[in-house]
Amino acid sequence: MTVEKTFYPSPTLNEITDAAFAYTKVLMVAREGVTYDILISNNDIAITSRQVLHQPAYGVIFFSGDIPFNPNESVNVVYETNP
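Residues numbered from 1 in each chain as written. Predicted model: local features only at pLDDT ≥ 70, side-chain atom pairs only at ≥ 80, totals over all residues. Heavy atoms only, no water.

Peer 1: Is there a simple way to explain the sheet that holds strand E5 (residues 37-40) in this structure?
Peer 2: The strands making up a sheet associate through hydrogen bonds between their backbones, and the pairing can be parallel or antiparallel. With mixed pairing, the 4 strands of this open sheet are ordered in space as E2-E7-E6-E5. The two strands at the open ends of the sheet, each matched to only one other strand, are strand E2 (15-17) and E5. For this sheet, the mean inter-axis angle between neighbouring strands, taken without regard to orientation, is 20°. Where strand E6 (residues 51-55) and strand E7 (residues 60-62) come together, 3 bridges link them in antiparallel fashion. Within E7, the residue paired with His54 across the bridge is Ile61. (Pairing = 2+ DSSP bridges. Helix = DSSP H or I, 4+ residues; strand = E, 2+ residues; numbered from the N terminus. Axes fitted to C-alpha atoms, helices over the stretch in contact; angles between N-to-C directions.)

Peer 1: Sorry, what's going on with the environment of Glu4 here?
Peer 2: With respect to the helices and strands, Glu4 occurs in strand E1 (residues 2-7). The exposure class of Glu4 is exposed, given its relative accessible area of 52%. The spatial distance from the C-alpha of Glu4 to the C-alpha of Phe63 is 18 Å, given a sequence separation of 59 residues. Setting aside residues up to four positions removed in sequence, Glu4 forms contacts with Asn76, Val77 and Val78. (Buried < 20%, exposed > 50% of the residue type's maximum accessible area, 1.4 Å probe, protein only. Contact = heavy atoms within 4.5 Å.)

Peer 1: Just to check I follow, could you spell out the nonpolar core for this structure?
Peer 2: One broad rule of soluble globular proteins: the nonpolar side chains tend to lie buried together. By size, the foremost hydrophobic cluster in this structure holds 14 residues, and its most contacted members are Ile16, Phe21, Val29, Ile61, Phe63, Val75 and Val77. Those elements giving two or more residues to this core turn out to be E1, strand E3 (25-31) and strand E8 (75-80). Counting residues per element, this core draws most heavily on E8, at 3 residues. Once residues lying within four places of it in the same chain are set aside, the contact partners of Phe21 are Phe7, Ile16, His54, Pro56, Gly59, Ile61, Val77 and Tyr79. (Core = buried A, V, L, I, M, F, W, Y, C linked by side-chain atoms within 4.5 Å.)

Peer 1: Can you help me understand unusual backbone geometry in this one?
Peer 2: Leaving glycine out, the prevailing phi sign among residues is negative, and the prevailing peptide bond configuration is trans. Of note, the phi angle at Thr12 is positive, near 80°, even though the residue is not glycine. Inspection of the secondary structure puts Thr12 in the loop between E1 and E2. For Thr12, a relative accessible area of 66% corresponds to the exposed category. Even without a glycine there, the phi angle at Glu32 is positive, about 55°. With respect to the secondary-structure elements, Glu32 resides in the loop between E3 and strand E4 (34-35).

The structure is reproduced here in structure tokens:
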């Protein structure tokens, strides 16, 4: 099943953590309506301003540390749930 969730991350952070992201396929990530390319790795790798890093073993989606979240900013994530 496909699920869409909206998150309002804490300002100054650059990640979203949700147990639902663990070992699932993230299909789309949009920050304030702008979609991002999704890289998948459980290792730390460099990402640019228009990329996110999904670490499925930890249930985390990282954004570039150069662009922290602002107050009241929203992030939409579409992902598949585990059967």
